[in-house]
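# Chains, contacts and geometry: an overview
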Amino acid sequence: MTALLLNGKELAAKKREQLKKDVDQLTTENVIPGLAVILVGEDPASQSYVKAKQKACEQAGIHSVLIKKPDTITEEELLSDIERLNEDNSIDGILVQLPIPKHISEQAVIEKIAPEKDVDGFHPINIGKMMVGEETFLPCTPYGVVEMLKEAKIDLVGKHVVVVGRSNIVGKPVGQLLLNEHATVTYCHSRTKNLREMTNLADILIVAIGRANFINADDVKPGAVVVDVGINRVDGKLCGDVDFDSVKEKASYLTPVPGGVGPMTITMLLENTVQSARKRL
Ligand code: GUN
């Protein structure tokens, strides 16, 4: 079997075309969606993600503001920058690119962002709403994963989803969103015993552990759907958490890296920003 590709790049382009139309419509009603991104420090990966977010905003007609801060910034200064953006009526979404320096509490920063501008969907209020199935901003990467599975018409009801990774950004929320779609969800992580036995039970395997080529064909049930959320750099080349070449011979569907989940993450950020701006009408 050779897996069909879950092409995030293509779906992202289709969604961004529609978003641009939505932004044009909002603009005619004098609402220009605005996203503020705060980047602390000089981490090269964060710099490149932020650049990609800004470019995507520009192409969609979303007003984007980049606020760069040195890694010596204090927590108090960063919180007061966020406070200013909370009060700025031209800004619909606020995102602090993670990770931030260790001397600043990540949770304090996340909780400072007004929940109604939290387009990352990381604020505990928004996470709580997601858990009970209330409408809210959904975390962008998990939201993008669910959109990709739905676009490919992959039935989720009653399916066994195994999530490898338990980060607050991806692992935990993607499991919750798929539970909301009536899947049966198992979480695995770096300390899970008999990981291979667990992953081999998956109808849908979501891998977000942050280790290059961590999952190979022996970890995958024949015909499983495999979603690779990893972005790792090995010898200057991007690769995922899944060994693409071996798994593509065993899975029914597989996401490539690059061109899979990555473009969807940014697209869902734009979607959340536009959703936030609509509330101004
Ligand atoms: N760092 C890696 N992914 C993300 C994300 O989705 N949002 C933010 N704010 N930081 C990140």
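Reading the values: rules and limits
- Along each chain, the written sequence defines residue order, and numbers are assigned to residues from 1.
- Local features in this predicted model are restricted to residues whose pLDDT is 70 or higher, and side-chain atom pairs enter the listing and the counts only when it is 80 or higher, whereas totals over whole chains, interfaces and linings include all residues.
- Note that the side-chain values use all heavy atoms of the structure and ignore hydrogens as well as water.
- Paired strands are those between which DSSP finds at least two bridges.
- To qualify as a helix, a DSSP run of H or I must reach at least 4 residues; to qualify as a strand, a run of E must reach at least 2; elements of each kind are numbered from the N terminus.
- Each axis is a line fitted through C-alpha atoms, and for a helix only the stretch in contact is used; angles between axes span 0 to 180 degrees, taken between their N-to-C directions.
- Contact between two residues is taken to exist if any of their heavy atoms lie within 4.5 Å; hydrogens are not considered.
- The rule for a residue being near a molecule or strand is that one of its heavy atoms must lie within 4 Å of it.
- By the criterion applied in these results, polar contacts are pairs of N or O atoms within 3.5 Å in which, for protein atoms, one can donate a hydrogen and the other can accept it, and in which residues neighboring in sequence qualify only through two side-chain atoms.
- Exposure was quantified through the Shrake-Rupley algorithm and a 1.4 Å probe, taking into account, for residues, occlusion by the shown protein chains and nothing else.
- Categorising residues by exposure relies on relative accessible area from a 1.4 Å probe, with only protein chains included: less than 20% of the type maximum marks a residue as buried, more than 50% marks it as exposed, and the intermediate range marks it as partly exposed.
- The positive count covers Lys and Arg only, the negative count covers Asp and Glu only, and His and the chain ends enter neither.
- Salt bridge criterion: a side-chain nitrogen from Lys or Arg within 4 Å of a carboxyl oxygen from Asp or Glu.

Our focus in this paragraph is the sheet that holds strand β2 (residues 34-40). In spatial order, the strands read β3-β2-β4; together these three strands make up an open sheet with parallel pairing. Edge positions in the open sheet fall to β3 (63-69) and β4 (93-96), since each of these has one partner strand only. Ignoring strand direction, the axes of neighbouring strands in this sheet form an average angle of 15 degrees. Sheet analysis places β2 next to β4, joined by four bridges and oriented parallel. Its bridge partner lying in β4, Leu35 is registered against Gly93. Packing against the sheet, helix α3 (residues 75-86) makes contact with β2, β3 and β4, and its axis sits at approximately 175 degrees to β2.

To continue, consider unusual backbone geometry. In this chain, Leu98 is followed by Pro99 through a cis amide linkage whose omega measures 5 degrees. Checked against the element boundaries, Pro99 lands in the loop between β4 and α4 (106-112). The omega torsion of the bond from Val257 to Pro258 falls at 0 degrees, within 30 degrees of zero and hence cis. Structurally, Pro258 is set in the loop between β11 (253-254) and α10 (261-278).

Close to the ligand lie Leu95, Val96, Gln97, Leu98, Asp120 and Phe122. Within the side chain of Gln97, an N or O atom sits 3.3 Å from a nitrogen atom of the ligand. With respect to the ligand, the backbone of Leu98 contributes an N or O atom lying 2.9 Å from a nitrogen atom. For the ligand, whose accessible area on its own is 280 Å², the fraction buried by protein is 83%.

Inspection of the secondary structure puts Lys53 in helix α2 (residues 44-60). Although Lys53 is buried, it forms no salt bridge, and the closest oppositely charged side chain is Asp120 at an N-O distance of 5.4 Å. Among residues more than four places away in sequence, those in contact with Lys53 are Leu95, Gln97, Ile266 and Leu269.

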